[in-house]
Amino acid sequence: MSDSDWLSRRTVLKQAGVGAGLVGLAGCSSSGGDGGDEGDSGGEDTETEASMDETTTTSSSGSDDEVRVGFLHPTSGPFAALGEAQQRGSEVATAHVNDDLGGILGNNVRRFVEDTEGDPSTGREMARRHVETNDVDVLIGGVSGAVNLSVADYAYDVGVPYFAYGGPEEITGEECLPTTFRYQYSDAQIARSGAEWALENLGSRVWIHIADYAFGQSIARTWKDAFEASGLDYTIVNETQTPLGTSDYSAVISQIQSSDADWVLQGFSGSDAVNFLSQAEQFELGQDIMSTTNTYLPLRQGAGSSAVGTYTTIRYEPTYESEANQMLVDRYTSTFDEPPTDFALVMWSSLRLYAQAAESAGSLETSAVVSAMEGLESDEPMGSTTMRECDHQAVRDGFVGRITEPDQYDWPGQEIVATRTADDITRTCEETGCDLPSL
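These figures come from a predicted structure and were not determined experimentally.

With respect to unusual backbone geometry
- At Val143, a residue that is not glycine, the phi angle is positive and equals roughly 145 degrees.
- Here Val143 is to be found in the loop between β4 (138-142) and α4 (145-158).
- Phi angles above zero are rare outside glycine, and His392 is one such case at about 65 degrees.
- As for its position among the elements, His392 is in the loop between β13 (383-387) and β14 (394-395).
- For His392, a relative accessible area of 0% corresponds to the buried category.

Shown next as structure tokens:
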């Protein structure tokens, strides 16, 4: 799709699609005041909410002296705690780009927030609202892999860059798109960070338990691939799953206890993980637990002591020593009086990478930004990062950690116990199955 075609299509969407888009939003409320939050500097937001019962609405029109960024956060629904953490991240990221980097192309960044509710159809409609009503230049966020894929498809249709927050391989794999980029680790990068270490340090016999949805299924698939790629001997004792939103894990915990598994791969997040960890502690589960998500601050805050002693692949650690990380820590802690999270990191780095690409391109036009993003190298809080051209996946080092007793704060901390290089944890371009279509 050429720039002229994209601009013409976007103009048509804005002129003719706003009303239709809002009709499609009926019943998709944005709770918590997140429907259309705006803030010129990422500080205090001005709330604007479009009533779904109104028959008319006023479209926000873009300004030549601002860059409009549409963030997608699940501030209600099963991922609400994660969405709140992500929203804080987008606030400090916007402030950072405006105050520390001088905006983008000399223009102030204006932040808009919509609530995806953790639902793919709602996420797509919120992306549509961002484009048709908020007139954004770029979309950032997500959490659920299914939401990511839905938003990515829409963003490609309308020619808007999208920075996804979600792990499923498809995002930068078989369903990769030229307008989609991902700073967050893919599930395969996470799996290759932790699988070999776990087999060497926790044992060769593993029980896999996941939540039955795209994220959990992706974890099971990618960790099994990583076990195989490690070349080590291993046995999958059993593989079980429970529906998203399960509250009682006593039956599966009992099965694990009576097995000869050395450790459990826990494949879920949010309230599911908190409930599982709490009951594992209550029933004195003897096996070690390895998770891809126990690193999340909201999860550690919710799980408390039941998370201590478990292992995790670390997505972000506030004490990591780098100049870029100290900048994030200083701004975040001065704003919220607590350390940043992985959600803050990804919002921060996604917006920074977009800003750098736009500056390099000297333009906000999609094709120019996409071209400048491919191969972009940047020093980000958790180390050097390269946005790979072949699939638009960020390539960076991976980390394994252990959840520790509370120290500086009232919730459990974490310590890095191993580091894996970017090359070790990232699949080759040929392995991903990505064949980027034309823009």
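Having seen the structure, we can now continue with the description.
Concerning empty space enclosed by the protein
- For the structure shown, the criterion picks out 4 cavities of 30 Å³ or more.
- By volume, the largest cavity amounts to about 130 Å³.
- The wall of the largest cavity is formed by 15 residues, among which Val143, Tyr165, Tyr213, Phe215 and Tyr296 lie closest to the centre.
- By residue class, the composition of the lining of the largest cavity is 7 nonpolar, 6 polar and 2 charged.
- Size it by volume and the second largest cavity reaches roughly 70 Å³.
- Lining the second largest cavity are Glu169, Thr172, Gly173, Ser186, Ala188, Gln189, Arg388, Asp391, Gln393, Thr426, Arg427 and Thr432.
- Split into classes, the residues belonging to the lining of the second largest cavity amount to 1 nonpolar, 7 polar and 4 charged.

What about the sheet that holds strand β7 (residues 205-211)?
- Pairing in this open sheet of 7 strands is mixed, and the strands run β8-β7-β9-β10-β11-β15-β16 from one edge to the other. Each of the sheet's edge strands pairs with one partner strand only, and the pair in question is β8 (235-242) and β16 (413-420). Across this sheet, the average inter-strand angle for adjacent strands is 25 degrees, counted without regard to direction.
- Where β7 meets β8, 7 bridges bridge the pair, whose relative direction is parallel.

A word on the nonpolar core
- Counting residues in each nonpolar core, the largest one holds 92 residues, and the members touching the most others are Trp223, Trp263 and Met290.
- Broken down by element, this core gets its largest block of residues, 12 residues, from helix α11 (residues 342-361).
- Not counting the four nearest positions on each side in its chain, Trp223 is found in contact with Ile190, Ala191, Gly194, Ala195, Trp263, Leu265, Met290, Thr292 and Thr313.
- Residues Val136, Val160, Tyr162 and Ile171 belong to the second largest nonpolar core, which totals 18 residues.

Re the pairing of strand β2 (residues 66-73)
- Most of β2 is tucked away, with 8 of its 8 residues classed as buried.
- Every second residue of β2 is oriented toward a common face, with Glu66, Arg68, Gly70 and Leu72 on one face and Val67, Val69, Phe71 and His73 on the other, all of them buried.
- Strand direction decides the pairing type here: β2 and strand β3 (residues 108-115), joined by 8 bridges, are parallel. Of the residues in β3, the one forming a bridge with Val67 is Val109.
- Running through helix α2 (residues 80-99), the crossover from β2 to the neighbouring parallel element β3 is right-handed.
- Two elements, β2 and β4, share 4 bridges in a ladder whose sense is parallel. From the neighbouring strand, Leu72 faces β4, where its bridge partner is Gly141.

Remarks on the side chain of Ser269
- Structurally, the position occupied by Ser269 is in the loop between β9 (263-267) and α8 (270-282).
- Other than its neighbours up to four places away in sequence, Ser269 contacts Leu82, Phe215, Thr293, Tyr296 and Leu299.

Considerations on the side chain of Thr310
- Following the sequence through the fold, Thr310 ends up in the loop between α9 (297-303) and β11 (311-314).
- Here Asn294 takes part through its side chain, which lies 3.1 Å from a polar atom of the side chain of Thr310.
- Not counting the four nearest positions on each side in its chain, Thr310 is found in contact with Leu277, Ile289, Asn294, Gly401, Arg402 and Ile403.

Digging into the state of the cysteines
- A complete count under the given rule lists 2 disulfides for this structure.
- Shown here is the disulfide that connects Cys176 with Cys434, its sulfur atoms set 2.1 Å apart. Since a negative S-S torsion denotes a left-handed disulfide, the Cys176-Cys434 link at about 95 degrees is right-handed. Of this pair, Cys176 sits in the loop between β5 (162-165) and β6 (180-181) while Cys434 is found in the segment after α14 (429-432), placing the two residues 258 residues apart along the sequence. This pair shows no difference in class: Cys176 is buried, exactly as Cys434 is.
- When the cysteines of the protein that form disulfides are numbered from the N-terminus onward, they connect as 1-4, 2-3.

Conventions and cut-offs
Residues numbered from 1 in each chain as written. Predicted model: local features only at pLDDT ≥ 70, side-chain atom pairs only at ≥ 80, totals over all residues. Heavy atoms only, no water. Helix = DSSP H or I, 4+ residues; strand = E, 2+ residues; numbered from the N terminus. Buried < 20%, exposed > 50% of the residue type's maximum accessible area, 1.4 Å probe, protein only. 1 Å grid on protein atoms, 1.4 Å probe; cavity = no way out; pocket = protein on both sides within 12 Å on 5 of 7 lines; lining within 4 Å. Points joined across faces, edges and corners; volume = space filled by probe spheres on them. Nonpolar A, V, L, I, M, F, W, Y, C, P; charged D, E, K, R; others polar. Pairing = 2+ DSSP bridges. Axes fitted to C-alpha atoms, helices over the stretch in contact; angles between N-to-C directions. Core = buried A, V, L, I, M, F, W, Y, C linked by side-chain atoms within 4.5 Å. Contact = heavy atoms within 4.5 Å. Right-handed = clockwise from strand over helix to strand, strands pointing away. Polar contact = N/O pair within 3.5 Å; in protein donor to acceptor, adjacent residues only side chain to side chain. Disulfide = S-S within 2.5 Å.

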